[in-house]
Amino acid sequence: MNRRQFGNLFLGGSFLATAAAFLFPIVRYVLPPKQAEASQKRVAAGKVKDFSPNSGKIFKFGSTPAMLVNTAEGQFLAFSAVCTHLTCTVTYDAASGTLYCPCHNGRFDMSGRVVAGPPPAPLEVYAVEVAGEDIFVSRKG
Ligand code: FES
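A short tour of the structure in this document, coming up.

Procedures and definitions
Residues numbered from 1 in each chain as written. Predicted model: local features only at pLDDT ≥ 70, side-chain atom pairs only at ≥ 80, totals over all residues. Helix = DSSP H or I, 4+ residues; strand = E, 2+ residues; numbered from the N terminus. Rg over C-alpha atoms; globule rule 2.2 N^0.38 Å. Buried ≥ 20, exposed ≤ 12 C-beta atoms within 10 Å, placed from the backbone. Pairing = 2+ DSSP bridges. Axes fitted to C-alpha atoms, helices over the stretch in contact; angles between N-to-C directions. Core = buried A, V, L, I, M, F, W, Y, C linked by C-beta atoms within 7 Å. Expected span 1.5 Å × (residues − 1). Bend = angle between axes of the 7 residues up to and from the residue.

This brings us to the overall build of the chain. Per the secondary structure count, the chain includes one helix and ten strands. Shown N-terminal to C-terminal, the secondary structure of the chain runs as helices and strands in the order α-β-β-β-β-β-β-β-β-β-β. For the chain, the C-alpha radius of gyration of 23 Å lies well beyond 14 Å, the compact-globule estimate for 141 residues. Along the first, second and third principal axes, the C-alpha set of the chain runs to 85 × 35 × 25 Å. Here the chain holds 141 residues, and 18% of them are scored as buried.

Structural data, given as structure tokens:
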């Protein structure tokens, strides 16, 4: 190998290493890591004593946020907290008894159905199981 070949090889290798160092974080950002959804079928969402009537709390359901609501009537309901419009996180609006998305004023009723705003689909509704003081949430079906 002469000096010219060595120089070309060195410059080519440097260019490839620089390009890889630049592209790797972008690819990692665009393609999020796979989460093991199978292990997240049932999660402990909280304790009964932590929920006063007509209140809601965000909890983690796998890799996504979810909302557990204790209605004014004392019924526990759980929903995906990911808005179906542009994936903002919804909150519980105690004044209206609805789930509210602050990004574009989306609103969902206590069945997860869209009642106002741009969301194109209802929120996913989860099954709730109260076992003593513990509240467990799981996917339906
Ligand atoms: S992201 Fe929720 S209404 Fe737009």
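Continuing now.
Attention now goes to the sheet that holds strand E9 (residues 125-131). Reading across the sheet, the six strands line up as E1-E10-E9-E4-E3-E2 and stay open at both edges, with antiparallel pairing between neighbours. Only two strands of the sheet have a single neighbouring strand rather than two, namely strand E1 (42-47) and strand E2 (55-61). The sheet shows a mean angle of 30° between the axes of neighbouring strands, taken without regard to direction. Across seven bridges, the pairing between E2 and strand E3 (residues 64-70) is antiparallel. If you follow Gly56 over to E3, its bridge partner there is Val69.

Looking now at the nonpolar core. In this structure, Ala66, Met67, Leu68, Ala78, Phe79 and Val137 are the most contacted members of the largest nonpolar core, which totals 21 residues. Listing elements by their share of this core, those giving two or more residues are E3, strand E4 (76-80), strand E6 (98-101) and strand E10 (134-139). If one sorts the elements of this core by residue count, E3 sits on top with four residues.

A few words on the sheet that holds strand E5 (residues 91-93). Pairing is antiparallel across the open sheet formed by four strands, whose spatial order is E5-E6-E7-E8. For this open sheet the edge positions go to E5 and strand E8 (114-116), each flanked by a neighbour on one side alone. For this sheet, the mean angle separating the axes of adjacent strands, direction not counted, is 40°.

Turning our eyes to something else, we now look at helix H1 (residues 3-30). Taking 1.5 Å as the rise per residue, H1 with 28 residues should run 40 Å; its terminal C-alpha atoms sit 40 Å apart, in good agreement. Of all the bends in H1, the greatest, near 25°, is centred on Leu23, and the proline Pro25 appears no more than four residues after it. Of all 28 residues in H1, zero are buried, a share of ten percent or less.

A few words on the environment of Glu73. Along the chain, Glu73 falls in the loop between E3 and E4. C-alpha separation for the pair Glu73 and Gly56, spaced 17 residues apart in sequence, amounts to 13 Å.

Another aspect to go through is unusual backbone geometry. With a phi close to 65°, Thr87 is a non-glycine residue in the positive phi region. Judged by local crowding, Thr87 falls into the exposed class, with 10 C-beta atoms found within 10 Å. For Asn105, which is not glycine, the phi dihedral falls at a positive 60°. Counting through the fold element by element, Asn105 comes out in the loop between E6 and strand E7 (106-108).

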